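Chains, contacts and geometry: an overview
The residues making up each chain are set out below.
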Amino acid sequence: MQKNKTGVKKKTLSSKQTQRHVHEFEGSTKLAEEGADRHNHRFAGVTGQAIRVGGSHVHEIDLTKTDFLNHFHNLKKIRTGPAIPVGNGKHVHFVTGQTTLSDGHVHQFNFATLIQAPLV
């Protein structure tokens, strides 16, 4: 730990640890149920840090409480696909999966993460 100018302790990474990048994401599930109960859920968050897989990497998503009126679903232990280059050394990831079971149903989803470190 190091202290900054205000005397507050700041956590630092050891020489063996490295900060890996993350991605923001947002999306909506596909519709589930029928009739007046037909609905979807919206969600947003930040992935976990990069996990090296072969010549690329993936990220884990562990999100609780998607948005809806009277019940929630989670996106638990979801892994992105590998990096998809989008130019200028940047990339995104495609994500597909299904929510946890709640209120007797699940929702399918697919979305792309946002570009990592868009201002750097």
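Each remark here, short or long, concerns the structure printed above.
Below, the structure is looked at part by part.

Tallying secondary structure elements over the protein gives 0 helices and 11 strands in all. Along the protein, helices (α) and strands (β) appear in the sequence β-β-β-β-β-β-β-β-β-β-β when read from the amino end. Counting every atom, the protein has about 8,300 Å² of accessible surface; 53% of that belongs to carbon and sulfur.

Relative to strand S10 (residues 90-98), strand S9 (residues 83-87) runs antiparallel, the two being bridged by 4 bridges. Residue pairing across strands places Pro 85 opposite His 91, the latter belonging to S10. Between S9 and S10, which pair antiparallel one after the other, the connecting turn spans 2 residues, and Asn 88 there sits at a positive phi close to 55°. The pairing of S10 with strand S11 (residues 108-112) spans 5 bridges and is classified as antiparallel.

So, on to the packing of aromatic side chains. Counted according to the given criterion, the structure contains 5 aromatic pairs. When the centroid spacing of 5.6 Å and the interplanar angle of 25° are considered together, the rings of Phe 25 and Phe 111 count as stacked. Taken together, the residues Phe 25 in strand S3 (residues 24-28) and Phe 111 in strand S11 connect sequence positions 86 residues apart. Accessibility assignment for this pair places Phe 25 and Phe 111 in one class, buried. Clustering of aromatic rings is evident, with ring pairs tying together Phe 25, Phe 43, Phe 109 and Phe 111. Against the face of Phe 72 rests Lys 65, its NZ or CZ located 5.8 Å from the ring centre.

Rules and cut-offs
- Residues numbered from 1 in each chain as written.
- Predicted model: local features only at pLDDT ≥ 70, side-chain atom pairs only at ≥ 80, totals over all residues.
- Heavy atoms only, no water.
- Helix = DSSP H or I, 4+ residues; strand = E, 2+ residues; numbered from the N terminus.
- Areas by Shrake-Rupley, 256 points an atom, 1.4 Å probe, with all protein chains shown as cover.
- Pairing = 2+ DSSP bridges.
- Phe/Tyr/Trp six-rings, centres within 6.5 Å; stacked < 30°, edge-to-face > 60°.
- Buried < 20%, exposed > 50% of the residue type's maximum accessible area, 1.4 Å probe, protein only.
- Lys NZ or Arg CZ within 6 Å of the ring centre and 35° of its normal.

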